[in-house]
Amino acid sequence: KTSPKPSAHVAVKSYACQRRSPLNHHNTFLTEPLEILAENAEFMENEGRNIAFRRSASVLKALPRVVRRMEDLKNLPCLGGHSLRVIKEILEDGASQEVETTKQSEQFQAMKALTGVFGVGVKSADRWFREGLRNPSDLIRTGQKLNHTQQAGVRYYNDLNKPVTKKEAEAISDMVGKAVRAVLPGAILTLTGGFRRGKEVGHDVDFLITHPEEGAEEGMMPKVLKWLEDQGLLLYQKTTRNSYLESRDGPERAPHHMDRFERCFSIFKLEQTKECSGTTAGAAGMSEQQSGPSWRAVRVDLVVSPYSQFAYATLGWTGSKLFERDLRRWAGQERGMSLSNHALYDSKRHHYLHASSEEEIFTHLGLEYIPPSERNA
Ligand code: DCP
Ligand code: MG
């Protein structure tokens, strides 16, 4: 009988920003169920539980192999009793009763459908759920008062819930790049968010815009939007100077890491090639209409940053959300520093730390550099 090798237990660090989290990992069969419970906790506005399940799932993403037995989890950080029970059940029975019940529950399904409307946060969705509403068509049917964002969200609901492909993100990147350079020669456009981390699909396309000459980027956003609008590429746009969370779901959601960049939430009209427009148009006798629309709606976020803050903005907008959260937590708890999407402040020495690249920020924080493709925590 062979005893398990000690090397079977890998050391995993407790902050997500200390770990390498590739896009494709070995334990999706565990992380997906845990993330269902996290999402459900989010719908119940139980932030502690949400983050606990997110952290458990994230730790499993960093493992170099499939988890087969509970012993494989020995010495791993962030795995609480509840997560361990769920994992054990999946390892033993192939599924967790709690996860299956949650997925089937009317509340979970309704919250998912309602928060799936662009512009609808957990608070509004929960209120509607308690009033008996279950999906976007109920909002229309019962004549709910919707703001402009939510109206656009309902109008383009199907398109916006269809994953955006990398190819579509690249097509939009070309369009935005043209707009940005036409408005301000020398301007730099960076694709951020999930696509920068190497994801094949996303729920939106995130961009960061800057210009090497400090201050030149000021007043750019309206011009870029006008250029795009004149080309007929915009279905919806709303510019804000506030944080994304604040503007998404009301001021009560304002986070501690307030982001003051000029930001535009938009919906693009993306022309589709025949192969992409869904239904097969080639069949004999099919009219243009039956072949489906020639365009689709895509959510696009644009952020303008001064050059001096560009490295921090890039790091802050690349994600993942948990990676960002742990970067800020690491800075505060382990370094006595305060990290935002704009800057890094050393609270002990009372000064800001300049950085012109993401690598420099990791160095300031005393962290090993993790490339975007391994920030999928
Ligand atoms: N972000 C964050 N905290 C939030 C929202 C966003 O730190 N609450 C940052 C990190 C995200 C980035 O902004 O990666 C973009 O936000 P998205 O919601 O677009 O997230 P992703 O691009 O990572 O995922 P998706 O593929 O769903 O768009
Ligand atoms: Mg995104």
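Located above this text is the structure these notes cover.
Criteria and thresholds
All residue numbers refer to position in the chain's written sequence, counted from 1. Each chain takes a letter, starting from A, and each ligand takes a number, starting from 1, following the order in which they are written. In keeping with the model being predicted, local features are shown solely for residues with a pLDDT of at least 70 and side-chain atom pairs are shown and tallied solely at 80 or more, while totals for entire chains, interfaces and linings include all residues. Hydrogen atoms and water are omitted, and side-chain values are computed over all heavy atoms in the structure. Strands are labelled as partners when DSSP assigns at least two bridges between them. Only DSSP runs of H or I with at least four residues qualify as helices, and only runs of E with at least two residues qualify as strands; both kinds are numbered from the N terminus onward. To obtain each axis, a line is fitted to C-alpha atoms, and for helices this fit is confined to the stretch in contact; angles are then taken between N-to-C directions over 0 to 180 degrees. We call two residues in contact whenever any of their non-hydrogen atoms come within 4.5 Å of each other. It suffices for a single heavy atom of a residue to lie within 4 Å of a molecule or strand for the residue to be listed as near it. Think of a polar contact as two N or O atoms within 3.5 Å of one another; within protein, one of them needs to be a possible hydrogen donor and the other a possible acceptor, and neighboring residues in sequence only count if both atoms come from side chains. Computed with a 1.4 Å probe, the accessible areas rest on the Shrake-Rupley method; for each residue, only the protein chains presented here act as cover. Each residue gets one label: Ala, Val, Leu, Ile, Met, Phe, Trp, Tyr, Cys and Pro are nonpolar, Asp, Glu, Lys and Arg are charged, and the others, such as Gly, are polar. Each domain's extent is set by a domain assignment, obtained either automatically or from a database.

Caption draft 1: Region of the structure containing the sheet that holds strand β2 (residues 188-191). The mixed open sheet is built from five strands, whose spatial order is β2-β4-β7-β6-β5. The sheet is open, and its two borders are formed by β2 and β5 (234-240), each paired with just one other strand. Pairs of neighbouring strands in the sheet enclose a mean axial angle of 25 degrees, with direction left out of account. Here β2 pairs with strand β4 (residues 205-210) via four bridges, running antiparallel. Following the sheet pairing, Leu-191 is matched in β4 by Phe-207. Of the strands in this sheet, β2, β4, β6 (262-271) and β7 (295-304) touch helix α14 (residues 310-318), which is tilted by about 175 degrees from β4.

Caption draft 2: Main features of the sheet that holds strand β10 (residues 351-352). Pairing is antiparallel across the open sheet formed by three strands, whose spatial order is β8-β9-β10. Sheet topology places β8 (337-339) and β10 at the edges, where each strand pairs with a single neighbour. Relative to β10, strand β9 (residues 344-346) runs antiparallel, the two being bridged by two bridges. From the neighbouring strand, Tyr-345 faces β10, where its bridge partner is Tyr-352. Packed onto the sheet, helix α15 (residues 321-335) meets β8 and β9 and runs at close to 170 degrees relative to β8.

Caption draft 3: Representation of the site of ligand 1 in the model. Near ligand 1 lie 15 residues; those nearest to it are Gly-194, Arg-197, Lys-199, His-203 and Asp-204. Gly-319 places a main-chain nitrogen or oxygen 3.4 Å from an oxygen atom of ligand 1. Lys-321 places a side-chain nitrogen or oxygen 3.0 Å from an oxygen atom of ligand 1. Relative to its unbound accessible area of 550 Å², ligand 1 is 85% covered by the protein chains. Counting residues per element, the ones that place at least two in the shell around ligand 1 are α11 (193-196), α14 and α15. No other element matches the three residues that α14 contributes to the shell around ligand 1. Looking at side-chain class alone, the shell around ligand 1 contains two nonpolar, seven polar and six charged residues. Of the residues that make up the shell around ligand 1, three or more belong to each of domain 3 (164-312) and domain 4 (314-374).

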